[in-house]
Amino acid sequence: MIVDPLARGLAAGLRLGRIVDHCNETTPTVAGKCGRNAVFCCMAPNPVCNRHDQGRAGWLCGNPRIPKAAIGEGYIMAGMPPTLNQFIRARQEDYPEAIGEFSQVMNAIALGGKLISREINLAGLVDATGYTGRTNVQGEEVARLDEWSNDLLVDLLGETGCVCVMGSEEVEKPIVPPESASDGRYAVLFDPVDGSSNIDIAAPIGTIFSIQRRVTKSGLGHLEDLLQPGKNQAAAGYILYGSSTMFVYTTGRGVHAFTLDPTMGEFHVTTENLEFPEKSNVYSTNEGNAGTWLEPDVQWVEWIKQSDPGTDRPYSARYIGALVADFHRILLKGGIFAYPGNIASPNGKLRLLYECSPMAFIAEQAGGAATNGTKRILDIEPLELHERTPFYIGSSHEVELIGRFHAGEGPG
Ligand code: AHG
Ligand code: MN
Ligand code: MN
């Protein structure tokens, strides 16, 4: 059995090549040259343009998405789209101030995602299931995987030297990295495992992250670097551990999705510039709580369940119980996710800084919206690290609709 992923990829017919050039030829007369912005592999068996010579160098040729920065900088697989790392490096020139630090932070998170994904896939075989017996600052039971993933991300991000402070769902206070990171430009917040109750039943879970630029001038970071409104985020994203593992992120220039090839251990871009579909009549909420909700939310959910083909009612309900998975479905298929407040907890359950804000950034970048019922999530000035907020996120039309219920206007 071939265990080395590289050898396995080659055995499976994948070809490796060094990206050597952008081709300037407009006519495919010479082997290795083709149309606009093409790239070819000098080591591929037949380094010719796939677009003009079907079935050879595959995805590489003629595709303007091949990152210029990747040229001569490493090997990529013929037939596979760019990796997350190549994709980010290619966009680094959009952020001249970043000088590679941003890539290092993203790489650390992506590596964490791959390791968490592997752990989950082995689940009970490696003791990834079950609980530690401890409760966290939220008063919730800590799953083994929560703790393991938290420690992993703290270590990986701390080692980059680019992160001056971290905030995690699992840790009460700001997490200070080693002294060597004292000049790190970024503050990172994360929910290491979102949807923990799904771990033991092999259902989808996720990781959520938010990257802020530090506001303190130097030295190790502080709480104030973490307590920033979502609109300040440099980047945000999530990793979905579902039937495939996906990495989705934004830096404020569209939302991009990557799929993990577990045999090679690489995320490859699968969709650029994701956008919510125009219309959808799906709602995602824990309606079992409706008896404790406030009046506008009760009215909303009753309205969407009434039958009226003219307004696509009744809606369909979908609820996985992990924000990452529920949101990912809404992002791809449209609709709304809601976690309202209730009489006992007016701010609901979800946490502003490492659950709602990053998702809200992604939603807006994908043409959607996110509010607490009355206010844009990205405008909320946080006061506490683990602060909660009612949360409505999804297609703009659906988020506006629930806003009308909260404004006492009804469906309009
Ligand atoms: P976490 O596992 O990080 O504590 O988050 C769980 C959250 C979120 O993922 C999900 O949307 C919500 O809790 C589900 O809550 P209910 O079980 O109350 O529906
Ligand atoms: Mn969560
Ligand atoms: Mn969590």
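Scroll up a little and you will see the structure.
Worth saying up front: this structure is predicted, and the values here are computed from it rather than measured.

Analysis parameters
Residues numbered from 1 in each chain as written. Chains lettered and ligands numbered in written order. Predicted model: local features only at pLDDT ≥ 70, side-chain atom pairs only at ≥ 80, totals over all residues. Pairing = 2+ DSSP bridges. Helix = DSSP H or I, 4+ residues; strand = E, 2+ residues; numbered from the N terminus. Contact = placed C-beta atoms within 7 Å. Axes fitted to C-alpha atoms, helices over the stretch in contact; angles between N-to-C directions. Core = buried A, V, L, I, M, F, W, Y, C linked by C-beta atoms within 7 Å. Buried ≥ 20, exposed ≤ 12 C-beta atoms within 10 Å, placed from the backbone. Domains from an automatic or database assignment. Parallel < 35°, antiparallel > 145°, perpendicular 65-115°, else oblique. Left-handed = near helix turned anticlockwise from the far one by under 90°. Nonpolar A, V, L, I, M, F, W, Y, C, P; charged D, E, K, R; others polar. Near = placed C-beta within 6 Å.

Asker: Report on the sheet that holds strand 17 (residues 391-395), specifying residues and quantitative values.
Answerer: Taken in spatial order, the 5 strands make up an open sheet running 14-13-15-17-16, and their pairing is mixed. The sheet is open, and its two edges are formed by strand 14 (316-317) and strand 16 (368-371), each paired on a single side. Of the pairings in the sheet, the one linking strand 16 to strand 17 comprises 4 bridges and is antiparallel in character. Among the inter-strand pairings, Gly-368 is bridged to a residue of strand 17, identified as Ser-395. Of the strands in this sheet, strand 13 (282-284), strand 15 (336-339) and strand 17 are in contact with helix 7 (residues 323-333), which crosses strand 15 at around 150°. Its contacts with the sheet place helix 8 (residues 352-365) against strand 16 and strand 17, and it is angled at close to 155° to strand 16.

Asker: Give me the nonpolar core: which residues, what numbers.
Answerer: One finds Val-105, Val-188, Met-359, Ala-370 and Ile-393 to be the most contacted residues of the largest nonpolar core, which totals 92 residues. Ranked by the residues each element gives to this core, the list is headed by helix 8, at 9 residues. Here this core spans two domains, since at least three of its residues come from each of domain 2 (84-271) and domain 3 (282-406). Sequence-distant contacts of Val-188, defined by excluding residues within four places in its chain, comprise Val-105, Leu-157, Val-163, Met-166, Phe-209 and Ile-211.

Asker: Can you break down the packing of helix 2 (residues 84-91) against helix 3 (residues 101-122) residue by residue, with the values?
Answerer: Packing of helix 2 against helix 3 leaves a shortest axis separation of 10 Å and a crossing angle of 165°. Between helix 2 and helix 3, the crossing angle belongs to the class labelled roughly antiparallel. The hand of the helix 2/helix 3 crossing is right-handed. Only Ser-103, Met-106, Asn-107 and Ala-110 of helix 3 make contact with helix 2, whose side of the interface consists of Leu-84, Asn-85, Ile-88 and Arg-89. By residue class, the composition of the contact of helix 2 with helix 3 is 4 nonpolar, 3 polar and 1 charged.

Asker: Help me get a handle on the site of ligand 1, residues and values and all.
Answerer: Taken together, 13 residues form the shell around ligand 1, and within it Asp-194, Gly-195, Ser-196, Asn-286 and Leu-323 come nearest. Elements that contribute at least two residues to the shell around ligand 1 include exactly strand 7 (186-194) and helix 7. Along the lines of polarity and charge, the residues of the shell around ligand 1 split into 3 nonpolar, 4 polar and 6 charged. Structurally, the shell around ligand 1 is a two-domain feature, drawing no fewer than three residues from each of domain 2 (84-271) and domain 3 (282-406).

Any link to function would need more than the numbers given here.
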